[in-house]
Amino acid sequence: MRVQSGLRAGDELRHVRAFVFRGSSCVDAVEIGAGALPLERDDQSALGVGTLTVAEVGPLEPGVYAVQLVGRRPGATGAESGAVLLERCVVTSISNDRVLRIALTTACVGVTCPAAGGSEAFTECLNGQCVDPRCDPTRPETAPFCCDRDRLGDACDADPSVCRDDDDCDVIADCAGAPRCSEGACIEAEDDRCDEAQHCDVAMRACVPDDPSVDADAGLLDARAETLDAGGDEVDAPLDMDASSTPLDAAIA
């Protein structure tokens, strides 16, 4: 199981933990595996392309499984002590050994799902939009799970939640690098527009000093709330699933 993101390794995203459950839910489910990965700045390139392994679970019997990924900010007392920045549950079917790559998209920071006026089944977030846990951007047959028609209607046909090329990816903050479309997920470039010894923090929408030892979670959350009150879009903060070079059987009827 691998993680992919345009968030800044070590500075924004300090720790990732994965939980694997048997069945189609991450709630009140039987946990059958877990793993954790602390992130450092040197992990940025691998994080961007999705080659960082969070957990290895198996062997698994063929069937339906749910995976929850939890990403945390830097904390004051260790890699896993920071506030949760993003988390998401994804559901997939397993028929043989495979690699699952889960992308934590920056546009999901501060987003709450399900969205007001949307389907209650669309509880997770991809590229800033609420999606069903069964959404797999690499599998066209799961398209109905990747755009909330209850909320977006016919816009799902012209502008689905999954990206198809780089032009479908919006710049989340002026200081961020231009995102690219990576198998349906928008991932920011490793280089941002900040000065040396700074990084672009998407929660702050600004360049901040590189100092993962500082626990600024409360201030970041307050700033994010002010941004939303000023007219920013709101939806919740989870993950997205993205198959690696080994394809996934991700459609669950």
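These numbers come from a predicted model, not from an experiment.

Per the secondary structure count, the chain includes four helices and 14 strands. Contacts in the chain between residues at least 24 apart in sequence constitute 64% of all its contacts with a sequence separation of at least 6. Surface exposure of the chain reaches about 11,200 Å², of which carbon and sulfur atoms provide 47%.

Bringing the pairing of strand 12 (residues 198–201) into the picture now. In this structure, strand 12 lies alongside strand 13 (residues 206–209), joined through four bridges in antiparallel fashion. Across the sheet, the residue bridging to Gln-198 is Pro-209, located in strand 13. Two successive antiparallel strands, strand 12 and strand 13, enclose a turn made up of four residues, where Arg-205 displays a positive phi of approximately 60°.

Summed over the entire model, instances satisfying the criterion amount to nine disulfides. Note that Cys-194 is cross-linked by a disulfide to Cys-207, the S-S spacing being 2.1 Å. Since a negative S-S torsion denotes a left-handed disulfide, the Cys-194-Cys-207 link at about -90° is left-handed. One end of the pair, Cys-194, is in the loop between strand 11 (185–187) and strand 12; the other, Cys-207, is in strand 13, with 13 residues separating them in the sequence.

Of all hydrophobic cores here, the largest spans 33 residues; its most connected members are Val-3, Leu-39, Leu-69 and Ile-102. Contributing elements (two or more residues each) for this core: strand 2 (15–22), strand 5 (63–72), strand 6 (84–94) and strand 7 (100–104). Setting aside chain neighbours within four positions, we find Val-3 in contact with Val-16, Leu-37, Leu-47, Gly-50, Thr-51, Leu-52, Val-54, Leu-69, Ile-102 and Leu-104. Residues Leu-126, Phe-145, Val-162 and Ala-185 belong to the second largest nonpolar core, which totals nine residues.

Reading across from one edge, 3-2-5-6 is the order of the four strands in this open sheet, with antiparallel pairing throughout. Bordering the open sheet on either side are strand 3 (30–38) and strand 6, each of which pairs with just one other strand. Put simply, the sheet's adjacent strands are angled 15° from each other on average, direction ignored.

Right, let's talk about the side chain of Arg-101 for a bit. Within the element layout of this structure, Arg-101 appears in strand 7. A residue is classified by how much of its surface remains accessible, and Arg-101, at 11% relative accessible area, is buried. A distance of 3.5 Å separates a polar atom in the side chain of Arg-101 from a polar atom in the side chain of Gln-4. Within polar-contact distance, the side chain of Arg-101 engages the side chain of Glu-183 at 2.2 Å.

Its location among the elements puts Glu-120 in the loop between strand 7 and strand 8 (124–126). Sequence separation of Glu-120 and Cys-130 is 10 residues, and the distance between their C-alpha atoms is 9.9 Å.

A separate point is the environment of Ser-25. Inspection of the secondary structure puts Ser-25 in the loop between strand 2 and strand 3. Separated by 64 residues in sequence, Ser-25 and Cys-89 place their C-alpha atoms 7.8 Å apart. In this structure Ser-25 touches Ala-66 and Cys-89, once residues within four positions along its chain are discounted. In terms of polar contacts, Ser-25 uses its side chain to reach the backbone amide nitrogen of Val-27, at 2.9 Å.

Turning our eyes to something else, we now look at the pairing of strand 7. Taking burial as the measure, the five residues of strand 7 include five buried ones, the bulk of the element. Of the two faces of strand 7, the one lined by Leu-100, Ile-102 and Leu-104 and the one lined by Arg-101 and Ala-103 are each fully buried.

In the structure shown here, the tally under the stated rule is eight salt bridges. Here Arg-41 and Asp-11 are joined by a salt bridge, their closest N and O atoms 3.1 Å apart. Taken together, the positions of Arg-41 in the loop between strand 3 and helix 1 (44–49) and Asp-11 in the loop between strand 1 (2–5) and strand 2 put the pair 30 residues apart, joining distant regions of the chain. Overall, the relative accessible area of 40% leaves Arg-41 in the partly exposed class. The exposure class assigned to Asp-11 is buried, which follows from its relative accessible area of 8%. With a closest N to O distance of 3.5 Å, Arg-164 and Asp-168 form a salt bridge.

Basis of the calculations
Residue positions within a chain follow its written sequence, with the count starting from 1. Reporting of local features is limited, given that this is a predicted model, to residues whose pLDDT is at least 70; pairs of side-chain atoms are given and counted only at 80 or more, and all residues count toward the totals for whole chains, interfaces and linings. To obtain the side-chain values, all non-hydrogen atoms of the structure were included, while hydrogens and water were left out. In this text, helices come from DSSP runs of H or I with a minimum length of four residues, and strands from runs of E with a minimum of two, each type numbered from the N-terminal end. Throughout, a contact is declared for two residues whenever any of their heavy atoms are within 4.5 Å. Using a 1.4 Å probe, the Shrake-Rupley method yields the accessible areas, and only the shown protein chains count as cover for residues. Strands pair, by our definition, only if DSSP identifies at least two bridges between them. Pairs of cysteine sulfur atoms within 2.5 Å are identified as disulfides in what follows. For the purposes of this section, nonpolar cores are sets of buried Ala, Val, Leu, Ile, Met, Phe, Trp, Tyr and Cys residues that join through side-chain atoms within 4.5 Å. Buried means the residue's accessible area, taken with a 1.4 Å probe over protein chains only, is under 20% of the maximum for its type, while exposed means over 50%, and partly exposed covers the values in between. Only the stretch in contact is used when a helix axis is fitted, and all axes are lines through C-alpha atoms; the angle between N-to-C directions ranges over 0 to 180 degrees. The definition of a polar contact used here is a pair of N or O atoms within 3.5 Å, where within protein one atom must be able to donate a hydrogen and the other to accept one, and adjacent residues in sequence count solely through side-chain atom pairs. Criterion for a salt bridge: a side-chain nitrogen of Lys or Arg within 4 Å of a carboxyl oxygen of Asp or Glu.

Remember, this is a structural readout, not a statement about activity or role.
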